[in-house]
Amino acid sequence: MIKDREIMLSVREGDTHTLGLLFDKHAKGLFNYFQFQIRDRFKSEDLVQNVFYKILKYRHTFKDGADFRVWMYAIARNEKINHFRNNTSITEAVDPELSDEWNRNPEIDLEQKTDMYQLKKALGMISSENRELLILSKYTGLPYSEIAELLGCTVGAIKVRIYRAIKELKAQYLNIAGE
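Given the structure is predicted, the values throughout are model-derived calculations rather than measurements.

Caption draft 1: Structural context of the environment of Lys 54. When you line up the elements, Lys 54 lands in helix 3 (residues 41-57). Residues Lys 54 and Ile 75, spaced 21 residues apart in sequence, show a C-alpha to C-alpha distance of 7.6 Å. Contacts of Lys 54, omitting those with residues within four sequence positions, involve Arg 59, Ile 75, Glu 79 and Asn 82.

Caption draft 2: Quick look at the nonpolar core. Counting 43 residues, the largest nonpolar core has Ile 55 and Tyr 73 as the members making the most contacts within it. Within the residue set of this core, elements represented by two or more residues are helix 1 (4-12), helix 2 (19-38), helix 3, helix 4 (68-86), helix 6 (110-125), helix 7 (128-139), helix 8 (144-151) and helix 9 (155-177). Ranked by residue count, the leading element in this core is helix 2, at 9 residues. If we skip the residues at most four places from it in the chain, Tyr 73 touches Gly 29, Leu 30, Tyr 33, Leu 136, Thr 140, Leu 142 and Leu 150.

Caption draft 3: Looking closely at the pattern of salt bridges. Following the criterion strictly, the structure yields 8 salt bridges and no others. Measuring nitrogen to oxygen at the nearest pair gives 3.0 Å for the salt bridge that ties Glu 146 to Arg 69. Of the two residues, Glu 146 is situated in helix 8 and Arg 69 in helix 4; the sequence distance between them amounts to 77 residues. A relative accessible area of 11% means that Glu 146 is categorised as buried.

Caption draft 4: Up close: the packing of aromatic side chains. The tally for this structure, following the rule as stated, stands at 7 aromatic pairs. Where Phe 23 meets Phe 52, the ring centres are 5.0 Å apart and the plane angle is 70°; that geometry is what we call edge-to-face. With Phe 23 in helix 2 and Phe 52 in helix 3, this pair connects stretches of sequence that are 29 residues apart. Residue Phe 52 is classed as buried on the basis of its relative accessible area of 6%. Within the aromatic cluster, the residues linked to one another by ring pairs are Tyr 33, Phe 34 and Tyr 73. Just above the ring of Phe 36 sits the side chain of Arg 39; from NZ or CZ to the centre is 6.0 Å.

Caption draft 5: Structural context of the environment of Arg 69. Residues Arg 69 and Asp 4 lie 65 residues apart in sequence; the distance between their C-alpha atoms is 8.0 Å. Residues contacting Arg 69, with those up to four places away along its chain left out, are Asp 4, His 26, Gly 141, Leu 142, Pro 143 and Glu 146.

Caption draft 6: Inspection of the side chain of Asn 130 at higher detail. Here Asn 130 lies in helix 7. Given a relative accessible area of 15%, Asn 130 falls into the buried group. Looking at Asn 130, its side chain comes within polar contact range of the side chain of Glu 168, at 2.4 Å. The contacts of Asn 130, once residues within four sequence positions are left out, are Arg 161, Arg 164, Ala 165 and Glu 168.

Conventions we followed
Residues numbered from 1 in each chain as written. Predicted model: local features only at pLDDT ≥ 70, side-chain atom pairs only at ≥ 80, totals over all residues. Heavy atoms only, no water. Helix = DSSP H or I, 4+ residues; strand = E, 2+ residues; numbered from the N terminus. Contact = heavy atoms within 4.5 Å. Core = buried A, V, L, I, M, F, W, Y, C linked by side-chain atoms within 4.5 Å. Buried < 20%, exposed > 50% of the residue type's maximum accessible area, 1.4 Å probe, protein only. Salt bridge = Lys/Arg side-chain N within 4 Å of Asp/Glu carboxyl O. Phe/Tyr/Trp six-rings, centres within 6.5 Å; stacked < 30°, edge-to-face > 60°. Lys NZ or Arg CZ within 6 Å of the ring centre and 35° of its normal. Polar contact = N/O pair within 3.5 Å; in protein donor to acceptor, adjacent residues only side chain to side chain.

Structure, rendered in structure tokens:
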């Protein structure tokens, strides 16, 4: 199986048709990254497209030894920051009522829906930095080493920050569940 880095190096050298392989592999993870923070399906889709446009536009900056996912999520983080900078009337809070699969699936029982609602509400109440860490680690599946590289710190620091983020999420969840 061809590694992402090899595909990106091929794109960097001018074989731009292979970018579709990276898109097919990573678009869903990027969409989830944006959707959990922005809560706008169409804007999230647009931001995914923007990320791949910038990957293509700035392909010459991809370094030989770089990790593709770290580079891609760095672009995605910048897109997210620009989105919130340019849309100051939009809040970062997660709205658990928006069109989620769990809201449309009748097989999921009421208790599970309630738990999921409370968890998503709690996720929206924690700090944006902690929310991003949890989304990167739990929803997009980036390993701690890649998150550390993306954020420019050590793996140990990421472990501590994620532990604190989970602790903050748990406190918010228990607060909501106790209401």
